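# Structural description and commentary
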Amino acid sequence: MAPVLELRGITKSFPGVLANDHIDLMVEKGEIHALLGENGAGKTTLMNILYGLYNPDEGEIFVNGQKLEIKSPVDAIKAGIGMVHQHFMLVPVFTVTENVMLGEEYVKYGDVLDRKKAADKIHEISNTYKLEIDPDAYVSDIPVGMQQRVEIIKLLFREADILIMDEPTAVLTPQEVEELFKIIHTMIDQGKSIIFITHKLGEVMEIADQITVIRGGKVVGSTTPHESSLNDLASMMVGRDVNLEVDKTESKPGEVVLEVKDLKVLDPQGHVAIDNMSFNVHSGEVLGIAGVQGNGQTELVRALTGLLPAIDGEIYLLGKEISKNSPRKITELGSAHIPEDRQKDGLVLAFPITDNLVLNTYYLEPFSKSIWLDQKKILQNGKELVENFDIRTPSPTTSAGSLSGGNQQKVIVAREFSRPIKFLVASQPTRGLDVGSIEYIHKRLIQKRDDGCAVLLVSTELDEVMQLSDRIAVVYRGRILDVLDANTATKELIGLLMAGIIPTEEEKQKLGSKQKQIRLT
Amino acid sequence: MSTQTETKTIQISKGILKLERRKRIIMGAVFLVAALFIWLMFVSDLDPGVETRFVMTPGGASAEAPDWVFPTSVYLNIIAGISAMLGAYQIIRGFGKRTYSILALVAIMFIFSFLAWATAGGSTNLAGLLRIMVVRAVPLTLGAMSGILCERAGIINIAIEGMMLTAAFVSTVFASLSGSLIVGLLAGVISGGIMGLIHGFLCIKYKINQIISGTVINIFATGITSYLSSKYIQKVDYQYLNEPGMFPQINVPILSKIPFIGPILFSHNMFVFAMFIFVALLTFLLFKTRWGLRLRSVGEHPKAADTLGINVFKTQYMAVILGGMMAGFGGTYFSLGSSGRFDEVMTAGRGFIGLAAMIFGNWHPVGAMGAGFLFGFFDSLSVRASLLQVNLPSEFLGMAPYLATIIILAGVIGRGHAPAAEGEPYEKE
């Protein structure tokens, strides 16, 4: 029997990059095929080609042995290919039913929506695949895990046989991931085939039948979980041996550097984002903030750096109340910030690296004299930092926008770390970076900690939080549910808290005594 | 694993609940203030024995209704009492989903109180006032629906004014030349559609900022129509170009004979009826059909629509063209439905007020019509301000609805639910 899907020699280039270079891929019916690769390896591009969002420069697609031209998502849907996008494609103000049937509506009297019939079909799907859902709920009212279910139902509604899931676990708690894996197995039992895109090795080992590894737009290997190990996969993915563990010594916490008391912050829409939050960060320690994205992390960081006003509560940095201070004032006190969106909040992309490196010091000696900037000093500073922080660039005056993500992040780290700082907020410091850059940033963060800096690490990657932190605070809907010791905290316990469930003391004991899981990037 | 043991799931954050409660209390306070205002400003100002006389038959109408005479302060006390009770209930329990309907009710009661107070000791033609209100609401509502069509598909349309003005001009010339109102009407609608297409071309194909594109169209329309008007159709030699005639009044059989309601609702030219039909039709199409679901999905999340095989650009073009045609239809009201000729800048900002009606009506045709009625009422009232017993500058009355809009939008409702992707040109990557 022909494989359910076969890609032959898919090539796609964007200006300046060869995103896919003659990629071959074969998926058998009833198989969970993991597509493993680093951020930027070309996984998503490949799947967007398969789904008709991009047109390939070269290559052929065969579905059930038939050669197909997939020019748009319509063609893909017709061929039985469906995709759960990394960022959900749901209309928040529509109901579940409306979202599911959009584009494939059930109608009566010509054009009138038949919501009842569609809801019935959704019920049927949800029974067959054990996907619990309320068809009449508005998408904006349901949690992220359930929204993902809606995305899956959307595909099943269209009777897709090949389901592409692009980083489906990125927004889920560990328990929701378990749930998702169950759903995936149910779908396999019903005869579907699944392409599972991820950069998380642990997941691949757990769920995949077949693994294809992509690096730099090329297929570098094909294997199965039985034939390979985590370290094999990691080095295949990165192209060299990697150390998955972060080397760090026991922390030596000193005095309190940051103290947050009953902080309350509204998001720009006026909803309460931070609700009576209190915590401390000591010098020489990393406090990790764990939580599912959108539980107030962004607003917390913005409030601490002076970008968002607090409506209530106090923030003390080195004993000084700063909640009403401007970002510059806070920076001058010795606070540094690695923002979650480096391109939007971290850099001026059109400016040269040299200028980006003095964005928060340009008005001070030696870069500025009275009203003039000292271009020589700025250039000299740029050259030194490019050297010291290993920023890979043709020249220090290249614009920041033309650097790779990892190097852009290094520019920010160089800027923030080259001043004397006592407090560092690092928000999603490694999001979207390659493994090499991740290792580098992690090393630098731990180094700062050991120099006596207080570090607040905000990340939605639970593994990262668990690896780097000395203490872990779990946030849920703008509150800290618990602060755990990183040495004893388990993934299960944090996962429960991330879902808003506070375990009893007894349960805590049970979860805490379990052996620590292998932690992976 | 966690479900067997007793665990505590944290429900919606208390903070959000608090915010909801604050909103509820503010709304209740608004009702209470309305009641207090009636007592303090109106009732305390009145002689207890004074009466209000509302004439219930508009001038020239055939269906007669007797005048409505009532003791002013008694009625106002009752209204204020009801308003205060509604306010108290809103603060304590809240009306939930019906809050906005109750707000509308209180607003109507308040306006009625104002009118009764201002008329006390004399008489006002209430029926006439309401009849004019309906007429004045027509261009506002049609303009608002043009905006709804475009914005629900994600394209901001502030060019309604220019589209209307163009259509008013084109319809005048075509109707005058052909001697047929229908030809004029069609020409006006088509010209609106073409303006919509231009707007779409600039916004969708060339991704020009939608506000700028709209402004350009407005300035262009004002300029070209004013030039052609002053150069040609206002001149005596070209008078034949500016005599389009007007759509006649239609008295709907039986319905127009109903006292009070008949003359207000069922004795108009076809534009008023068309407004009601379009409001109903657009509501149905937007919220009950496949066409509407797809249109709205494009305005909310174009990428999602695209991945489901909906052609975003095609949908947006269709929406702006239809929106332009709707504005064009509204524009012909000025020439063929209201004055029977073309005058320079005769739309006088009605397109922009239509836009305000759209926002006030929360991008919903029925809401927009309600806002159109509200604005139309004050418009109608300001014309007759001199006839009232109290001395209020008509400018103040003209200002009142917009002031109310600002207060209500800013203080009570907050930012309405604009389509999420509006104003952002869609990029296919």
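Residues numbered from 1 in each chain as written. Chains lettered and ligands numbered in written order. Predicted model: local features only at pLDDT ≥ 70, side-chain atom pairs only at ≥ 80, totals over all residues. Heavy atoms only, no water.

### Some details on the overall build of chain B
Put simply, the rule reads: Here a helix means four or more residues in a row that DSSP labels H or I, a strand means two or more in a row labelled E, and each is numbered from the N terminus. The globule rule used here is 2.2 Å times the number of residues to the 0.38 power, and the radius of gyration it is set against is calculated over C-alpha atoms. Under the scheme applied here, a residue whose accessible area is under 20% of the maximum for its type counts as buried, over 50% as exposed, and between as partly exposed, the area being computed with a 1.4 Å probe on protein chains only. We call two residues in contact whenever any of their non-hydrogen atoms come within 4.5 Å of each other. Methods summary: accessible areas were calculated by the Shrake-Rupley approach with a probe of 1.4 Å, and residue burial reflects only the protein chains presented. Charged residues are defined here as Lys and Arg on the positive side and Asp and Glu on the negative side; His and the ends of the chain fall outside this count. Charged side chains are reduced to one point each, which is NZ for Lys, CZ for Arg, CG for Asp and CD for Glu.
A count of helical and extended segments in chain B gives 15 helices and six strands. Over its C-alpha trace chain B gives a radius of gyration of 24 Å, about what one expects of a compact globule, namely 22 Å for 429 residues. Projecting the C-alpha coordinates of chain B onto the three principal axes gives extents of approximately 80 × 60 × 40 Å. Going through the 429 residues of chain B one by one, you find that 52% of them count as buried. Within chain B, residue pairs in contact and separated by at least 24 positions form 76% of the contacts whose partners lie at least 6 positions apart. For chain B, the exposed area adds up to about 19,400 Å²; of that, 67% sits on carbon and sulfur atoms. Computed over 30 positive and 21 negative side-chain charges, the inter-centroid distance for chain B is 10 Å.

### Remarks on the packing of helix α5 (residues 160-178) of chain B against helix α12 (residues 312-339) of chain B
Angle between the axes and distance between the axes: these two values describe a pair of packed helices. Residue and element names in this part refer to chain B. Inclusion rule: Axis definition: a line fit to C-alpha positions, over the contact stretch in the case of helices; interaxial angles, taken between N-to-C directions, run 0 to 180 degrees. These descriptions rest on fixed angle ranges, namely under 35 degrees for roughly parallel, over 145 for roughly antiparallel, 65 to 115 for roughly perpendicular, and the rest for oblique. Here a crossing is taken to be left-handed if its near helix is turned anticlockwise relative to the far helix by less than a right angle, and right-handed if that turn runs clockwise. Ten residues, namely Ala, Val, Leu, Ile, Met, Phe, Trp, Tyr, Cys and Pro, are considered nonpolar, four, namely Asp, Glu, Lys and Arg, are considered charged, and the remaining ones, Gly among them, are considered polar.
Between α5 and α12, the shortest axis-to-axis distance is 7 Å and the interhelical angle comes to 55°. As summarised for this structure, α5 and α12 are arranged oblique, according to the angle between their axes. With respect to the hand of their crossing, α5 and α12 are arranged in right-handed fashion. Here Ile160, Met163, Met164, Ala167, Ala168, Ser171, Thr172 and Ala175 of α5 lie close against α12, whose contacting residues are Gly324, Ala327, Gly328, Gly330, Gly331, Thr332, Phe334, Ser335 and Leu336. Its residues assigned to classes, the contact of α5 with α12 comprises nine nonpolar, eight polar and no charged.

### A word on a negative patch on the surface
Heads up, the rule is: Only residues above 30% relative accessible area that lack a salt bridge enter a patch, with like-charged residues linked at up to 9 Å and the nonpolar side chains Val, Leu, Ile, Met, Phe, Trp and Tyr linked at up to 5 Å. By definition, a salt bridge exists where a carboxyl oxygen of Asp or Glu is found within 4 Å of a side-chain nitrogen of Lys or Arg.
Taken together, the side chains of A:Glu132, A:Glu178, A:Glu179 and A:Glu206 make up a negatively charged region of the molecular surface. Taking relative accessible area as the criterion, A:Glu179 reaches 35% and is therefore assigned partly exposed.

### A look at the packing of helix α4 (residues 126-152) of chain B against helix α14 (residues 365-383) of chain B
Residues and elements named next belong to chain B. At a closest axis distance of 6 Å, the pairing of α4 and α14 adopts a crossing angle of 140°. On the basis of the axis angle, α4 is oblique to α14. You can see that α4 and α14 cross each other, and the crossing is right-handed. Facing α4, whose interface residues are Leu129, Leu130, Ile132, Met133, Val134, Arg136, Ala137, Leu140, Thr141, Ala144, Met145 and Ile148, α14 presents Pro365, Ala368, Met369, Gly372, Phe373, Phe375, Gly376, Phe377, Asp379, Ser380, Leu381 and Val383. Among the residues forming the contact of α4 with α14, the class breakdown is 18 nonpolar, four polar and two charged.

### Observations concerning helix α1 (residues 43-50) of chain A
All names here are of chain A. Burial analysis of α1 places seven of its eight residues in the buried class, the great majority of the element. By the burial criterion, the buried members of α1 are Lys43, Thr45, Leu46, Met47, Asn48, Ile49 and Leu50. Count one or two residues on from α1 and you reach Gly52, which has phi positive near 85°.

### A closer look at helix α14 (residues 405-417) of chain A
Residues and elements named next belong to chain A. Put simply, the rule reads: A helix is expected to span 1.5 Å for every residue after the first.
With 13 residues, α14 extends 18 Å between its outermost C-alpha atoms, agreeing within 8% with the 18 Å of an ideal straight helix rising 1.5 Å per residue. Burial within α14 is extensive, with twelve of its 13 residues counted as buried. Along α14, the residues classified as buried are Gly406, Asn407, Gln408, Gln409, Lys410, Val411, Ile412, Val413, Ala414, Arg415, Glu416 and Phe417. Here the buried face of α14 lies against β18 (335-338), α11 (342-346), α12 (353-356), α13 (375-388), β21 (423-427) and α15 (435-450).

### What about the domain arrangement of chain A?
Applied cut-off: Residue ranges labeled as domains rest on an automatic or database domain assignment.
Each assigned domain of chain A is listed here: domain 1 (5-238), domain 2 (254-334 + 423-429 + 451-521) and domain 3 (342-419). Computed over C-alpha atoms, the centres of domain 1 of chain A and domain 3 of chain A are 40 Å apart.

### Observations regarding the sheet that holds β18(A)
Residue and element names in this part refer to chain A. Under the convention used in this document: Strands are labelled as partners when DSSP assigns at least two bridges between them.
Ordered in space as β18-β21-β22-β15-β23-β24, the six strands form an open sheet in which the pairing is mixed. Taken across any chain shown, the strands that pair with only one partner, and hence form the sheet edges, are β18 and β24 (479-485). Going across the sheet, the axis of each strand differs from the next one's by a mean of 15°, ignoring polarity. Relative to strand β23 (residues 471-476), strand β15 (residues 286-290) is paired through four bridges, and the arrangement is parallel. Its bridge partner being in β23, Gly288 is matched across the sheet by Ile472.

### Quick look at the sheet that holds strand β9 (residues 162-166) of chain A
Residue and element names in this part refer to chain A. Sheet architecture is open: six strands sit in the order β6-β9-β10-β3-β11-β12, paired in mixed fashion. A single partner strand is all that each edge strand has here, and the edge strands are β6 (81-84) and β12 (218-223). If you compare each strand with its neighbour and ignore which way they point, the axes differ by 20° on average. Strand direction decides the pairing type here: strand β3 (residues 32-37) and strand β11 (residues 210-215), joined by five bridges, are parallel.

### Describing the packing of aromatic side chains
Heads up, the condition is: Two rings belonging to Phe, Tyr or Trp (six-membered ring only in the last case) form a pair when the distance between their centres is within 6.5 Å. Interplanar angles under 30 degrees mark stacking, angles over 60 mark edge-to-face geometry, and anything in between is tilted. Should the NZ of a Lys or the CZ of an Arg lie within 6 Å of a ring centre and within 35 degrees of the ring normal, that charge is described as sitting over the ring.
Tallying each qualifying case throughout the model produces 32 aromatic pairs over all chains. Clustering of aromatic rings is evident, with ring pairs tying together B:Phe247, B:Phe271, B:Phe278, B:Phe329, B:Tyr333 and B:Phe334. One residue, A:Lys121, lies across the ring of A:Phe157, its end atom 5.0 Å from the ring centre. Seen from the ring of A:Tyr440, A:Lys410 lies directly overhead, with NZ or CZ sitting 4.9 Å from the centre.

### So, unusual backbone geometry
Negative phi characterises most residues that are not glycine, and trans characterises most peptide bonds. Residues and elements named next belong to chain A. Here the bond from Glu365 into Pro366 is cis, since omega is 0°, no more than 30 degrees from zero. Tracing the backbone shows Pro366 in the loop between α12 and β19 (368-369). Positioned with a positive phi, Asn64 is a non-glycine residue whose angle comes to about 50°. Positionally, Asn64 belongs in the loop between β4 (58-63) and β5 (66-68). You will see that Glu167, though not glycine, has its phi angle at about 45°, which is positive. Mapped onto the fold, Glu167 is located in the loop between β9 and α6 (174-189). What makes Glu167 buried here is its relative accessible area of 6%.

### What about the pattern of salt bridges?
Residue and element names in this part refer to chain A. A full pass over the atoms with the stated rule returns 29 salt bridges over all chains. Among the salt bridges present, the one from Arg392 reaches Asp390, with a minimum N-O distance of 3.0 Å. Under the relative-accessibility criterion, Arg392 is labelled exposed at 56%. Residues joined in a network through salt bridges with shared partners are Lys248, Arg449, Asp450 and Asp470.

### What about the domain arrangement of chain B?
Residues and elements named next belong to chain B. Worth spelling out the cut-off: For any pair of parts, buried area is found by adding up, for both, the accessible area (1.4 Å probe) each one loses once the two are put together.
Once the domains are mapped, chain B shows domain 1 (20-121) and domain 2 (130-388). The centre of domain 1, based on its C-alpha atoms, is set 32 Å off from the matching centre of domain 2. Of the residues lining the interface, twelve residues belong to domain 1; the matching set on domain 2 comes to twelve residues. Buried surface at the junction of domain 1 and domain 2, summed over both partners, amounts to about 890 Å²; 83% is from carbon and sulfur atoms. Broken down residue by residue, the surface that domain 1 buries against domain 2 is led by Met56, Ala63 and Ile111, which jointly contribute 43%. Scanning the region where domain 1 abuts domain 2 turns up zero salt bridges. Considering only residue class, the side of domain 1 that touches domain 2 consists of nine nonpolar, two polar and one charged.

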